[in-house]
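Residue-level structure breakdown
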Amino acid sequence: MRSLLLAAVASLAVSGPLAAQQGWQGGVESQPLAPPPGAVENPDSPPGGVGVPSIMEPVEGSEPRVPAPAQPDVPGQATIGPSGDIEVVQPPAEKIVNKTAVFSGLDKITGRIISFDVAINETVQFGALRITPRACYTRPSTESQNTTGFVEVQEITLDGKVQPLFGGWMFASSPGLHGVEHPIYDVWLSDCKQSDPVIASPGGQQ
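1. Here we look at the overall build of the chain
If you tally the helices and strands in the chain, you get 1 helix and 12 strands. Across the 206 residues that make up the chain, the buried fraction comes to 23%. Taken as a whole, the chain presents about 15000 Å² of accessible surface, with 58% of it coming from carbon and sulfur.

What follows is the structure, encoded as structure tokens:
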């Protein structure tokens, strides 16, 4: 028993100074690990230690971050332009579909002008002209007015034949833009209506 106590005291006398010299405490090294061979310590290195890249800076050799593509402009939405000015994308013009087109007809011989209504896709006769509106559009009261209509006009010749005379858009604000050319009669679009036509056919028929 005495020999065992002497052996234990001798081992403590040898291991105690050695452990204190190496800085061991409870089997865990108290000093930080030395940097790997070839690494240079920099006091300004980012958090995480030497060789750990910062998340705020791109890694060398990696592809640069590409910004997301710009979203298409939405009508009515305000955006900031390249020069810093506020730009507003205007919404497209709205059109109202109408059931009736209103025309004005001129008899160049008598100088008489009459107004008559024609339902869409219906045909009426004014003098020697047959008028068929295919569409008639107006705009809301909040927008600038622009009444337009697609109209087909045919001519009845003296021998009773029907031949095309005009087919295209008519503009109520600019009657002179339409292409109806006839030596005796003239017709142009004057308005569009939501209601049914009041007069089925114009007077003064041949």
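On we go from here.
2. Observations concerning the side chain of Asn-98
Its location among the elements puts Asn-98 in the loop between strand 5 (96–97) and strand 6 (100–107). Polar side-chain contacts of Asn-98 include one of 3.0 Å to the backbone oxygen of Ile-96. Discounting residues that sit within four places of it in the chain, Asn-98 has contacts with Ile-120, Cys-136, Tyr-137, Thr-138, Cys-192, Lys-193 and Gln-194.

3. Remarks on the sheet that holds strand 7 (residues 112–119)
One open sheet accounts for 3 strands, arranged 7-6-12; its pairing is antiparallel. Lying at the two open borders of the sheet, with one neighbouring strand each, are strand 7 and strand 12 (185–193). Strand-to-strand twist in this sheet, taken as the mean axis angle between neighbours without regard to direction, amounts to 25°. Taken together, the 8 bridges between strand 6 and strand 12 define a ladder with antiparallel strand orientation. Considered in strand 12, the bridge of Gly-105 is made with Val-187.

4. Details of the packing of aromatic side chains
For the structure shown, the criterion picks out 5 aromatic pairs. With centroids separated by 5.8 Å and ring planes inclined at 25°, the aromatic side chains of Phe-116 and Phe-126 adopt a geometry described as stacked. Of this pair, Phe-116 sits in strand 7 while Phe-126 is found in strand 8 (residues 124–126), placing the two residues 10 residues apart along the sequence. In this structure Phe-126 comes out as buried when scored by relative accessible area, which is 4%. Judged by centre distance (5.4 Å) and plane angle (75°), the ring pair of Phe-150 and Trp-169 falls under edge-to-face. One end of the pair, Phe-150, is in strand 10 (residues 148–156); the other, Trp-169, is in strand 11 (residues 162–171), and 19 residues separate them in sequence.

5. Observations regarding the pairing of strand 11
Pairing geometry for strand 10 and strand 11, over 9 bridges, is antiparallel. Opposite Val-153, over in strand 11, you have Phe-166 as the bridge partner. Counted between consecutive antiparallel strands, the loop separating strand 10 from strand 11 contains 5 residues, among which Gly-160 sits at a positive phi close to 90°.

6. Concerning the nonpolar core
For soluble globular proteins, the rule of thumb is that nonpolar side chains tend to be buried together. Phe-103, Phe-116, Ile-131, Val-153, Met-170 and Val-187 are the most contacted members of the largest nonpolar core, which totals 21 residues. Of all the elements in the fold, those that place two or more residues in this core are strand 6, strand 7, strand 8, strand 9 (129–138), strand 10, strand 11 and strand 12. With 4 residues, the single largest contributor to this core is strand 12.

7. A word on the environment of Gln-194
Checked against the element boundaries, Gln-194 lands in the segment after strand 12. Residue Gln-194 is classed as partly exposed on the basis of its relative accessible area, which comes to 43%. For the pair Gln-194 and Val-97, spaced 97 residues apart in the sequence, the C-alpha separation amounts to 8.0 Å. Among the polar contacts made by the side chain of Gln-194, one reaches the main-chain carbonyl oxygen of Val-97 at a distance of 2.9 Å.

8. Remarks on the pattern of salt bridges
One pass over the full model with this rule turns up 3 salt bridges. The partner of Asp-196 in a salt bridge is Lys-99, with the nearest N and O atoms 3.5 Å apart. Residue Asp-196 is located in the segment after strand 12, and its partner Lys-99 is located in the loop between strand 5 and strand 6; the two are separated by 97 residues in the primary sequence. Note on Lys-99: relative accessible area 44%, which makes it partly exposed. The shortest N-O distance in the salt bridge between Glu-152 and Arg-134 comes to 3.2 Å.

Definitions and cut-offs
Residues numbered from 1 in each chain as written. Predicted model: local features only at pLDDT ≥ 70, side-chain atom pairs only at ≥ 80, totals over all residues. Heavy atoms only, no water. Helix = DSSP H or I, 4+ residues; strand = E, 2+ residues; numbered from the N terminus. Buried < 20%, exposed > 50% of the residue type's maximum accessible area, 1.4 Å probe, protein only. Areas by Shrake-Rupley, 256 points an atom, 1.4 Å probe, with all protein chains shown as cover. Polar contact = N/O pair within 3.5 Å; in protein donor to acceptor, adjacent residues only side chain to side chain. Contact = heavy atoms within 4.5 Å. Pairing = 2+ DSSP bridges. Axes fitted to C-alpha atoms, helices over the stretch in contact; angles between N-to-C directions. Phe/Tyr/Trp six-rings, centres within 6.5 Å; stacked < 30°, edge-to-face > 60°. Core = buried A, V, L, I, M, F, W, Y, C linked by side-chain atoms within 4.5 Å. Salt bridge = Lys/Arg side-chain N within 4 Å of Asp/Glu carboxyl O.

By themselves, these are just geometric observations and shouldn't be taken as functional.
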